[in-house]
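A structural walkthrough
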Amino acid sequence: MPTLDAILAQVNAATLLPELLVVLGVLVGALSLAGGLTFVERRLLALWQDRYGPNRVGPFGLLQVVADTIKLFTKEDWVPPFADKPVFVIAPAVVIVSTLMSFAIIPLAPGIVIADLNVGLLFLLAMSSLSVYGVALGGWSANSKYALIGGLRAAGQMVSYEVFMGLSLMGVVAMTGSFNLGEIVRAQERVWFCIPQCVGLVIFLIAGLAETRRIPFDLPEAESELVAGFHAEYSGMKFGMFFLGEYVGIALVSALTVVLFFGGWSGPLLPPIVWFLGKTGVLIALFILVRAALPRLRYDQLMRLGWKVLLPLSLANVVVTGAAILALNR
Amino acid sequence: MADATTVLEGRLGADGLAVQPTCDGVPTVWVAPTRVKDVLRRLKTDPDSPYPLLHDLWAVDERHRQHDEGLPPRDFTVVYDLASADRCAELRIKAPLKGHAPALDSVTDVWPSANWYEREAWDMFGVRFIGHPGLRRILMPPWWEGHPLRKDHPARATEMGRFELPDPLQAAMAQSLEFRPEEWGLERSGEDFDYLFLNFGPHHPGTHGVLRVILQLDGQEIVDCVPEIGFHHRGAEKMAERQTWHTYIPYTDRVDYLGGVLNNLPYVMAVERLAGLEVPERAEVIRIMLCELFRINSHLVFLGTFAQDVGMMSPVFYLFNDRERLLDIVEAITGARMHPGWFRIGGVAQDLPAGWDELVGDFVGYLPARLEEYESAILANRIFRARTRGVGVITAQEALDWGATGPFLRGSGVAWDLRKQRPYGGYEQFEFEVPTGANGDCYDRLWVHVEEMRQSLRIVEQCRRAMPGGPYKSDHPLAAPPRREQALQDIETLIHHFLSVSWGPVIPPGEAAVCVEAAKGHNRYHLISDGDTLPYRARIRTPSFAHLQILPQLSRGAMIPDLAAILGSLDYVLADVDR
């Protein structure tokens, strides 16, 4: 084991600084993006629903996010007396930490990535599995029946959809021959994977919706049934963290879709980072549009769709992709 | 009419005590309380002309009556309103009861729907029903003392003495809130597991108001459920007993608060029957037009909130926007939006304003295209269909047994619409169809609502095209308040106007009930006049009360999300349930 001094000696301040900047940039970027998304979503929904949305605080209502943040931070930080306190406090942190960690492997542009892991995709799947704990434990520790049902639904739903999410990506991995996200982007120079892997794309988008617990898969927090589901007992910034976690999740799934299926940063004329952010923005808008348009599935329908439709489809996709690669490489 | 009662007398034989003449033409027969259950059972299953539907069951405290010549001696009366959907026939059976703790055989084993009605009669009048499976209070809290609709029960807080909540009472109240499944007729555990009990409401976003549903769950599946009502009880029937015939009109608006003037209509029509006055043609058509506008209003809210119940976020905004346009028209005509209180005894409050036909015409031209859009966005959505088809199914037979009416019953395929089968208030002059579903599930109930909006638009358009001229209110002396233009002519009419406004008109003794096809089903006002300036008893039969009682039947074996869909499809308003 090298000592701390030895490690520090190896670290060159000159190389460390830009990396730290990237880390800081991604962290601040992801968080403020998520905060901004709460505003964007409300305005976009309002636009599609023939109403105004938040337009009072600041120019175009832009300061609404600030107002909301101040409100959440100044609310009483209340833990119900019947809750399992340590778990209740940790749960929202688990959600937001695990989603933020996933951002570490997203290549924003050539060279702008926190951790260029060669098992990037596996790391990502592992992190998204961890965030299930946050939701399930949050529902469990609140010791309330609505939260419990919501938490259990969340656990069942996210564990199931993880399977298809992983499988749907195997086609991309097979075509690239690598789990590294940078490699995957570079492998799309000729044709974006959304064309050969269109089945994978659709499955991944559906699984992504389910992972982020958005309509039509928002069963864990279904308002008309479970009040607020797994976070029914949360208030103040603890609730804010679940809330933020959801939007970080949306940004993450959108960014991932861009990286895996839409050529990441590649695009003519404009700088790569602009292309990347632009594509991600379009996908985020798509996510919000889905929320404006669809009703919610029932639990058994959700499971049936997952295990009886998506699982065979994604397996077939893996098999066909594999066969095609074999046939072409022969 | 006379024939019907003679036939009835023949069939009832010795059981019938007396036949009572009423102003509404519904055959009314007094039956000895000991025989009433047999008679009702026979009437329900009569081979020639059965009355399979228990429309209403209610009681009257008769101890203060001045005018009841020729009727059996009694302290309380229990009234059974029976109906037949096939023949669109009505029949009223009355049982006279003596003493201060009256009792009567329960008819819950003849009609399951009698359950809540009998509980209400117990709660409000202290009439005990022998053999009732769970005779406890339904609208009042369990610790309430007395029976509110009895004549000796105070009607106002100022008559009741100071409110005090000593510690023991507070403790008792808190204790009464503790949940013990046995008290609700629910098992605690199955063979080798315990059930999960979930308290759904009274403040839950999915219940559309203050409704509490106790769910007995096995996982996410509903084993049984018990709806608890009464949180929205305001004593509308008690209020009637101290408002003049005229000043009670605005209270009726608040009963089904989405129905607006649809609530005024049965009330003012019942008073008009008692007073024996005719309504001018123009007033009739104005009334129908507004009623149909309010039916659309109610259905728009229904459709939007239903979509929200199954998780669709957007429709409710579109539909409320359309409702806003409609309420603008209502505002232009009546001056108010949700609660116009605009119908009057003998007509309506004012004539239509200049330019009303353009407003109405615009709306009639605007809505159909929107409805098509909603149909393709909501009803045609595959997830939506999966969530609503085959959910909350009820057969026509069961629905009739439970006293269902309106779009709910039509969703199960029974084309019973009073506007068509027994037109009232001028509906006979309009062309429209009665849409019916086939499967009796949530989807069919919803579809019926959408189709009814189209039919209502047709009626509104016909009203607009053929609005007759003439006065908007009757010249009859009992029309209240008298038309003002005439009141300013000479001192006699001025005095008359003054009396009519300050004391209110004196309506001759008698009783009359008018049942109308309200937005949610049959809404009936049964008024008993004792020759005074205020009603002796006003009974309000609301569709929501009957429909909500069916909830356990519909949701057993369903999942929690289905409960949201079923509750949405019942189209109830809690104010309409509790009154």
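Per chain, residues are indexed from 1 in the order of the written sequence. Working convention: letters from A go to chains and numbers from 1 go to ligands, in the order in which they are written. Confidence filtering applies because this is a predicted model: local features only for residues at pLDDT of at least 70, side-chain atom pairs given and counted only at 80 or more, and all residues used for totals across whole chains, interfaces and linings. Computation of side-chain values: all heavy atoms of the structure, hydrogens and water removed.

Description of the overall build of chain B
Helices and strands together make up the secondary structure of chain B, namely 21 helices and 15 strands. Relative to the compact-globule value of 25 Å for 579 residues, chain B shows a C-alpha radius of gyration of 24 Å, a close match. With respect to the three principal axes, the spread of C-alpha positions in chain B is 85 × 60 × 60 Å. In chain B, the share of contacts with a sequence separation of at least 24, taken over all contacts with a separation of at least 6, comes to 68%. Counting only carbon and sulfur atoms, one obtains 52% of the accessible surface of chain B, whose full area is about 21500 Å². Helix and strand assignments come from DSSP, with helices taken as H or I runs of at least 4 residues and strands as E runs of at least 2, each series counted from the N terminus. Here the globule rule is a power law, 2.2 Å times the number of residues to the power 0.38, and the radius of gyration is based on C-alpha atoms. Residue contacts follow a heavy-atom distance rule, with two residues in contact if any of their heavy atoms lie within 4.5 Å. Each accessible area value is a Shrake-Rupley result obtained with a 1.4 Å probe; residue values ignore everything except the protein chains displayed when judging cover.

Focus on the overall build of chain A
What chain A contains, in helices and strands, is 12 helices and 0 strands. Along chain A, helices (α) and strands (β) appear in the sequence α-α-α-α-α-α-α-α-α-α-α-α when read from the amino end. Overall, the C-alpha framework of chain A stretches about 65 × 55 × 50 Å when taken along its three principal axes. Evaluated residue by residue, chain A yields a buried proportion of 48% over its 330 residues. When contacts within chain A are restricted to residue pairs at least 6 apart in sequence, those whose partners lie at least 24 apart make up 76%. A 1.4 Å probe rolled over the protein chains alone gives each residue an accessible area, and that area as a share of the maximum for its type sets the label: buried under 20%, exposed over 50%, partly exposed in between.

With respect to the pairing of strand β3 (residues 53-61) of chain B
Residues and elements named next belong to chain B. Of all 9 residues in β3, 9 are buried, a share of seventy percent or more. Pairing analysis gives 8 bridges linking β3 to strand β4 (residues 76-84), with the strands arranged antiparallel. Following the sheet pairing, Leu-54 is matched in β4 by Leu-82. Two strands are said to pair when DSSP picks up at least two bridges between them.

A closer look at the packing of aromatic side chains
Residue and element names in this part refer to chain B. Only Phe, Tyr and Trp rings take part, Trp by its six-membered ring, and two of them pair if their centres are within 6.5 Å. Stacked means planes under 30 degrees apart, edge-to-face means over 60, and tilted covers everything else. A full pass over the atoms with the stated rule returns 21 aromatic pairs over all chains. Note on Phe-302 and Phe-306: the rings are 6.0 Å apart at their centroids and 40 degrees apart in plane angle, and the pair reads as tilted. Taken together, the residues Phe-302 and Phe-306, both in helix α8 (residues 281-309) and 4 residues apart, mark about one turn of the helix. Assigned by exposure class, Phe-302 and Phe-306 land together as buried.

Re the nonpolar core
Nonpolar side chains in soluble globular proteins generally cluster together in the buried interior. Buried Ala, Val, Leu, Ile, Met, Phe, Trp, Tyr and Cys residues form a nonpolar core when they are joined through side-chain atoms within 4.5 Å. Ranked by internal contacts, the top residues of the largest apolar core, which has 160 residues, are B:Tyr80, B:Leu82, B:Ile93 and B:Trp342. Take this core: its biggest share by element is 14 residues, from α8(B). Of the domains in this structure, domain 1 (2-148) and domain 2 (236-578) of chain B are the two that each give at least three residues to this core. Contacts of B:Trp342, omitting those with residues within four sequence positions, involve B:Val261, B:Asn264, B:Ile286, B:Leu290, B:Ile333, B:Thr334, B:Val348, B:Ala349, B:Gln350 and B:Leu352. Formed by 62 residues, the second largest nonpolar core is a distinct cluster that contains A:Val259, A:Leu302, A:Leu310 and B:Ile383. Residue ranges labeled as domains rest on an automatic or database domain assignment.

A word on unusual backbone geometry
Even without a glycine there, the phi angle at A:Asp50 is positive, about 60 degrees. When you line up the elements, A:Asp50 lands in the loop between α2 (13-48) and α3 (64-74). You can call A:Asp50 partly exposed: its relative accessible area is 44%. Even without being glycine, B:Arg579 reaches a positive phi, approximately 55 degrees. Structurally, the position occupied by B:Arg579 is in the segment after α21 (574-578).

Structural notes on the sheet that holds strand β10 (residues 221-228) of chain B
Pairing within the open sheet is antiparallel, and its 3 strands lie in the order β8-β9-β10 (chain B). With one partner strand each, in any of the chains shown, β8 (196-200) and β10 of chain B form the two edges of the open sheet. Each strand axis lies, on average, 20 degrees off the axis of its neighbour in the sheet, ignoring direction. Two strands pair when backbone bridges link them, and β8(B) and strand β9 (residues 212-218) of chain B are joined in this way by 5 bridges, in the antiparallel orientation. Counterpart to B:Phe200 in the pairing with β9(B) is B:Val213. Working convention: axes come from line fits to C-alpha atoms, limited for helices to the stretch in contact. Angles between N-to-C directions cover 0 to 180 degrees. This element, helix α6 (residues 145-176) of chain A, spans β8 and β9 of chain B of the sheet and lies at about 110 degrees to β8(B).

Overview of a nonpolar patch on the surface
Taken together, the side chains of B:Leu488, B:Ile491, B:Leu494, B:Ile495, B:Phe498, B:Leu499 and B:Trp503 define a hydrophobic patch exposed on the protein surface, amounting to about 760 Å² of accessible area. Among the secondary structure elements, B:Leu499 is positioned in helix α17 (residues 491-502). For patch detection, residues must exceed 30% relative accessible area and be free of salt bridges, and they are connected within 9 Å for like charges or within 5 Å for nonpolar side chains (Val, Leu, Ile, Met, Phe, Trp, Tyr). Take a side-chain nitrogen of Lys or Arg and a carboxyl oxygen of Asp or Glu: if they are within 4 Å of each other, that pair is a salt bridge.

Considering the sheet that holds strand β15 (residues 537-541) of chain B
Picture the strands of a sheet paired through backbone hydrogen bonds; they go either parallel or antiparallel. All names here are of chain B. One open sheet accounts for 3 strands, arranged β13-β14-β15; its pairing is antiparallel. Looking at strand neighbours, the two that pair on one side only are β13 (510-517) and β15, the edges of this open sheet. Adjacent strand axes in the sheet meet at a mean angle of 10 degrees when their direction is disregarded. Where strand β14 (residues 522-529) lies against β15, 5 bridges are found, and the strand directions are antiparallel. Paired with His-526 across the bridge in β15 is Arg-539.

So, the domain arrangement of chain B
A common measure of how large an interface is: the accessible area buried when the components associate. All names here are of chain B. Domain boundaries in chain B define domain 1 (2-148) and domain 2 (236-578). Using C-alpha coordinates to define each centre, domain 1 is positioned 26 Å away from domain 2. Contacts between the two partners involve 40 residues from domain 1 and, on the opposite side, 35 residues from domain 2. Using a 1.4 Å probe, buried area is obtained as the accessible area two parts lose upon being combined, added over both of them. Summed over both sides, the interface of domain 1 with domain 2 buries roughly 3200 Å², with 56% coming from carbon and sulfur. Our count for the contact surface shared by domain 1 and domain 2 stands at 8 salt bridges. As used in this structure description, the phrase polar contact means that two N or O atoms lie within 3.5 Å; if the pair is within protein, one of them must be able to donate a hydrogen and the other to accept it, and residues adjacent in sequence are counted only when both atoms belong to side chains. The tally of links between domain 1 and domain 2 comes to 19 residue pairs in polar contact (both at pLDDT 80 or more). Looking at the side of domain 1 that touches domain 2, the element that brings in the most residues is β3, giving 9 residues.

Some details on the side chain of B:Ser456
Among the structural elements, B:Ser456 can be located in helix α15 (residues 442-465). When neighbours within four sequence positions are excluded, B:Ser456 is seen to be in contact with B:Glu292, B:Arg295, B:Ile296 and B:Arg419.

Focus: the packing of α8(B) against α15(B)
Residue and element names in this part refer to chain B. The geometry of α8 relative to α15 is characterised by a closest axis approach of 9 Å and an angle of 150 degrees between their N-to-C directions. What the angle tells us is that α8 and α15 run roughly antiparallel. Here the hand of the crossing between α8 and α15 comes out left-handed. Contacts between α8 and α15 involve Val-285, Ile-288, Met-289, Glu-292, Leu-293, Arg-295, Ile-296, His-299, Leu-300, Phe-302, Leu-303 and Phe-306 on the former and, on the latter, Cys-442, Leu-446, His-449, Val-450, Glu-452, Met-453, Ser-456, Leu-457, Ile-459, Val-460 and Cys-463. Three categories are distinguished: nonpolar for Ala, Val, Leu, Ile, Met, Phe, Trp, Tyr, Cys and Pro, charged for Asp, Glu, Lys and Arg, and polar for the others, with Gly belonging to the last. When its residues are assigned to classes, the contact of α8 with α15 shows 17 nonpolar, 3 polar and 3 charged. Here the word oblique covers every angle except those under 35 degrees (roughly parallel), over 145 (roughly antiparallel) and from 65 to 115 (roughly perpendicular). Left-handed describes a crossing whose near helix is turned anticlockwise from the far helix through less than a right angle; right-handed describes the clockwise counterpart.

Quick notes on helix α9 (residues 315-334) of chain B
In an α-helix there are 3.6 residues to a turn, and that puts residues three or four apart on one side. All names here are of chain B. Helices are assigned an expected span. That span is 1.5 Å times one less than the residue count. For α9, which comprises 20 residues, the first-to-last C-alpha distance of 28 Å matches the rise-based estimate of 28 Å (1.5 Å per residue) to within 8%. Considering only its buried residues, α9 is in contact with α8 and α10 (356-379). Positive phi appears at Gly-335, one or two residues downstream of α9, with a value of about 90 degrees.

Quick notes on the interface of chain A and chain B
Taken together, the contact between chain A and chain B spans 27 residues of the former and 33 residues of the latter. Taken together, both faces of the contact between chain A and chain B bury some 2600 Å²; the carbon and sulfur share is 59%. Together, A:Ser224, A:Pro295 and A:Arg298 form the three largest contributors to the area buried by chain A at its contact with chain B, with a combined 23%. Run the count over chain A and chain B and you get 1 salt bridge. The residue A:Arg298 makes a salt bridge to B:Asp562 at a minimum N-O spacing of 2.8 Å. Elements that contribute at least two residues to the side of chain A that touches chain B include exactly α2, α6, α9 (223-226), α11 (272-293) and α12 (299-329) of chain A. Here the side of chain A that touches chain B is built from residues that sort into 14 nonpolar, 3 polar and 10 charged.

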